[in-house]
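Working through the structure, step by step
So the chains spell out like this:
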Amino acid sequence: MGEGRPGVLIAGAGPSGLTAGLELCRRGFSPRIVDSESGPAPMEESRALGVNARTLTLLSPSGVTDRILGVAQHITHFRVRSGSALLFELDTGRAAGAYRAIQAMPQGLMERLLLAALREYDVEPEWNTRVEAVAGDPTEPVVSIRHADGATESVRPDFLIGADGAHSVVRKSLGFGFPGEALETCFYLADYRYEHPVDARVADIEVFNPGILGHLPVTPDTLRYISTLSDYESRIVHPDKVVEEVWRSEFRVHFRHVESMSRGNVFLAGDAAHIHSPAGARGMNLGIEDACWLAYLLSEGRQQEYSSLRMPAVRQVMKVTYRLTAFITMKNPLLIGLRNRIVPMLLRIPPIGTRLLRGVAGYDTPPPPWIAGAE
Ligand SMILES: Cc1cc2nc3c(=O)[nH]c(=O)nc-3n(C[C@H](O)[C@H](O)[C@H](O)COP(=O)(O)OP(=O)(O)OC[C@H]3O[C@@H](n4cnc5c(N)ncnc54)[C@H](O)[C@@H]3O)c2cc1C
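Residues numbered from 1 in each chain as written. Predicted model: local features only at pLDDT ≥ 70, side-chain atom pairs only at ≥ 80, totals over all residues. Heavy atoms only, no water.

1. A closer look at the overall build of the chain
Looking only at helices and strands, one finds 9 helices and 19 strands in the chain. Once the C-alpha set of the chain is aligned to its principal axes, its extents read approximately 60 × 40 × 40 Å. Here the chain holds 375 residues, and the buried ones make up 53% of them. If you take every contact in the chain between residues at least 6 apart in sequence, the share linking residues at least 24 apart comes to 72%. On the chain, the mean spot of the 39 positive side-chain charges and the mean spot of the 43 negative ones are 7 Å from each other. (Helix = DSSP H or I, 4+ residues; strand = E, 2+ residues; numbered from the N terminus. Buried < 20%, exposed > 50% of the residue type's maximum accessible area, 1.4 Å probe, protein only. Contact = heavy atoms within 4.5 Å. Lys, Arg positive; Asp, Glu negative; His and termini not counted. Charge placed at Lys NZ, Arg CZ, Asp CG, Glu CD.)

So this is what it looks like as structure tokens:
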């Protein structure tokens with residue numbers, strides 16, 4: 001699995017696993033990546049849509065950032081409205097880094113760009129290949145894998161990365177706890193494609209009492225709507241003739257994270273280690289950040305520092321996302337009225353607006369020390 005480098009097995013070829021693979025390749029490893037699905041996330045399921053500035057910084061050494069910037073929708077403004085009244089607008093360039101706070105691009109496209117970069121190192125995930133269990137001492141993990149034809153294999157990697165998503169077999173096999181809570185509130189998503197290109201530069205949120213309805217671009221002619229209201233469709237004012245409802249989803253939000261992201265030579269990254277609401281668009285970005293840190297630490301022989309270095313970042317993102325979610329899912333009409341009056345006033349104070357934007361950009365966790373001058 002590697003020429004002079006330890007062998008690394010990565011369970012899961014989502015954004016976290018693919019990023020870990022790519023960053024390890026860049027550092028001279030030849031990781032093996034297995035995934036139970038038949039290929040990357042379908043292009044029509046936009047899933048995680050926001051690519052933040054920190055992710056662009058992290059993926060710049062591999063060249064993926066240039067490819068993202070060539071195809072993503074560049075969001076120039078966040079706008080919050082109450083009906084036709086504009087409550088506030090923030091220029092995403094005020095995050096004051098090398099990139100705007102956030103770009104929009106469907107998760108399937110992100111995965112395909114990472115796969116293309118991995119191919120340059122002759123690494124291709126093994127699809128339809130499932131990790132069934134991890135046994136043994138975590139310092140010498142024994143991984144049971146089932147191939148598409150039903151054949152089984154037992155692998156003993158030097159390092160195992162569990163990037164196998166929220167229901168992680170790696171996490172469960174090793175008995176990591178995953179404490180947290182499920183919120184009552186549901187989130188509703190729907191992507192609509194229009195006859196002509198629409199305004200793809202704005203992330204727009206309309207506040208109601210109660211509830212919110214937001215939209216942001218998926219592609220130049222497709223918008224993602226996200227809402228906390230079950231009757232959200234009746235509130236959408238489409239900017240053009242709808243050609244197709246491309247995708248829809250609804251889910252209850254969980255806030256959960258492990259207490260430690262490693263045990264012996266087994267490491268967790270991404271949704272396998274932490275899940276939270278989509279408010280703030282941090283999910284996929286945090287997993288990509290985990291993966292980059294882990295690859296860096298493995299290459300430095302400092303992998304035992306991974307959990308202690310990442311857990312503060314995970315807790316920070318959980319805290320911020322939880323607050324933001326509580327803010328947008330409020331039900332008390334008086335508090336909602338107060339929120340809708342006070343928050344716009346606060347955000348017009350420049351340092352407060354900039355602070356919010358820097359959180360969206362992902363700049364509230366430690367910068368990567370291996371990238372000179374990184375935010
Ligand atoms: C329907 C949906 C909508 C979403 N919407 C948003 C959103 O709007 N905003 C947002 O920020 N986030 C959203 N997310 C979450 C976002 O997709 C995740 O945060 C992100 O994908 C995490 O990446 P990951 O690589 O850690 O995990 P995943 O993307 O879940 O990837 C895990 C990979 O592991 C593979 N796998 C699982 N089990 C095994 C096994 N036993 N053996 C081998 N492979 C395995 C899976 O096939 C998958 O490819 C959404 C997720 C879903 C499912």
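That was the structure; now back to the text.
2. A closer look at the UniProt feature "domain: FAD-binding" (unreviewed entry) in the chain
The feature "domain: FAD-binding" (unreviewed entry), as annotated in UniProt, sits at residues 8-203 and 235-300 in this numbering. As a span, residues 8-203 carries 22% helix and 33% strand, and end to end its C-alpha atoms are 39 Å apart. Structurally, residues 235-300 is divided into 27% helix and 35% strand, and its ends, taken at the C-alpha atoms, are 53 Å apart. (UniProt positions renumbered as here; feature names shortened; annotations may be inferred.)

3. What about the site of the ligand?
Neighbouring the ligand are 27 residues, the closest being Ser-16, Asp-35, Gln-107, Val-131 and Asp-271. Residue Val-131 places a main-chain N or O atom 2.9 Å away from a nitrogen atom belonging to the ligand. Between an oxygen atom of the ligand and a side-chain N or O atom of Asp-271, the distance comes to 2.9 Å. Considered on its own, the ligand offers 990 Å² of accessible surface; in the complex 80% of this is hidden by protein. Those elements that provide at least two residues to the shell around the ligand are α1 (15-26), β8 (130-135), β16 (242-257) and α6 (283-300). (Near = heavy atom within 4 Å. Polar contact = N/O pair within 3.5 Å; in protein donor to acceptor, adjacent residues only side chain to side chain. Areas by Shrake-Rupley, 256 points an atom, 1.4 Å probe, with all protein chains shown as cover.)

4. Re unusual backbone geometry
Asn-209 connects to Pro-210 through a cis peptide bond whose omega is 5°. Counting through the fold element by element, Pro-210 comes out in the loop between β13 (202-207) and β14 (212-219). Despite not being glycine, Arg-47 has its phi angle at roughly 45°, a positive value. For Arg-47, the position within the fold is in the loop between β2 (32-34) and β3 (50-52).

5. Describing the nonpolar core
In this structure, Ile-68, Met-110, Val-131, Ile-161 and Val-170 are the most contacted members of the largest nonpolar core, which totals 102 residues. Counting residues per element, this core draws most heavily on α6, which supplies 11 residues. Beyond its immediate chain neighbours, meaning those up to four positions away, Val-170 contacts Ala-11, Val-131, Val-134, Leu-160, Gly-162, Asp-164, Val-266 and Leu-268. Membership of the second largest hydrophobic core comes to 12 residues, among which are Ala-190, Tyr-192, Val-198 and Leu-229. (Core = buried A, V, L, I, M, F, W, Y, C linked by side-chain atoms within 4.5 Å.)

6. Quick word on the pairing of strand β5 (residues 77-82)
Where β5 meets strand β6 (residues 85-91), 6 bridges bridge the pair, whose relative direction is antiparallel. In the sheet register, Val-80 faces β6, and the bridge partner there is Phe-88. Following β5, the chain reverses through 2 residues before pairing antiparallel with β6; Gly-83 in that reversal takes a positive phi of roughly 60°. Sheet topology places β5 next to β13; 5 bridges connect them, and they run parallel. (Pairing = 2+ DSSP bridges.)

7. Notes on the packing of α6 against helix α7 (residues 306-328)
One way to put it is that α6 packs onto α7 with a least axis distance of 10 Å and a crossing angle of 165°. Here α7 runs roughly antiparallel to α6, going by the angle between their axes. The handedness of the crossing between α6 and α7 is right-handed. Here α6 contributes Leu-286, Glu-289, Asp-290, Trp-293, Leu-294 and Leu-297 to the contact with α7, which in turn contributes Tyr-306, Leu-309, Arg-310, Ala-313, Val-314 and Val-317. Looking at the contact of α6 with α7 residue by residue, the classes come out as 9 nonpolar, no polar and 3 charged. (Axes fitted to C-alpha atoms, helices over the stretch in contact; angles between N-to-C directions. Parallel < 35°, antiparallel > 145°, perpendicular 65-115°, else oblique. Left-handed = near helix turned anticlockwise from the far one by under 90°. Nonpolar A, V, L, I, M, F, W, Y, C, P; charged D, E, K, R; others polar.)

8. What to know about the layout of surface pockets
Over the atoms a probe the size of a water molecule is rolled, and this reveals where empty space is left. The space that makes up the second largest pocket amounts to roughly 230 Å³. Forming the walls of the second largest pocket are 16 residues, and the residues nearest its centre are Arg-81, Asp-204, His-215, Tyr-225 and Val-237. The dominant element in the lining of the second largest pocket, judged by the number of residues it contributes, is β13, at 3 residues. Class assignment for the residues of the lining of the second largest pocket results in 8 nonpolar, 2 polar and 6 charged. (1 Å grid on protein atoms, 1.4 Å probe; cavity = no way out; pocket = protein on both sides within 12 Å on 5 of 7 lines; lining within 4 Å. Points joined across faces, edges and corners; volume = space filled by probe spheres on them.)

9. A short note on the state of the cysteines
Tallied over the full model, the rule gives 0 disulfides. Free cysteine: Cys-292, not disulfide-bonded; nearest cysteine sulfur from Cys-25 at 13 Å. (Disulfide = S-S within 2.5 Å.)

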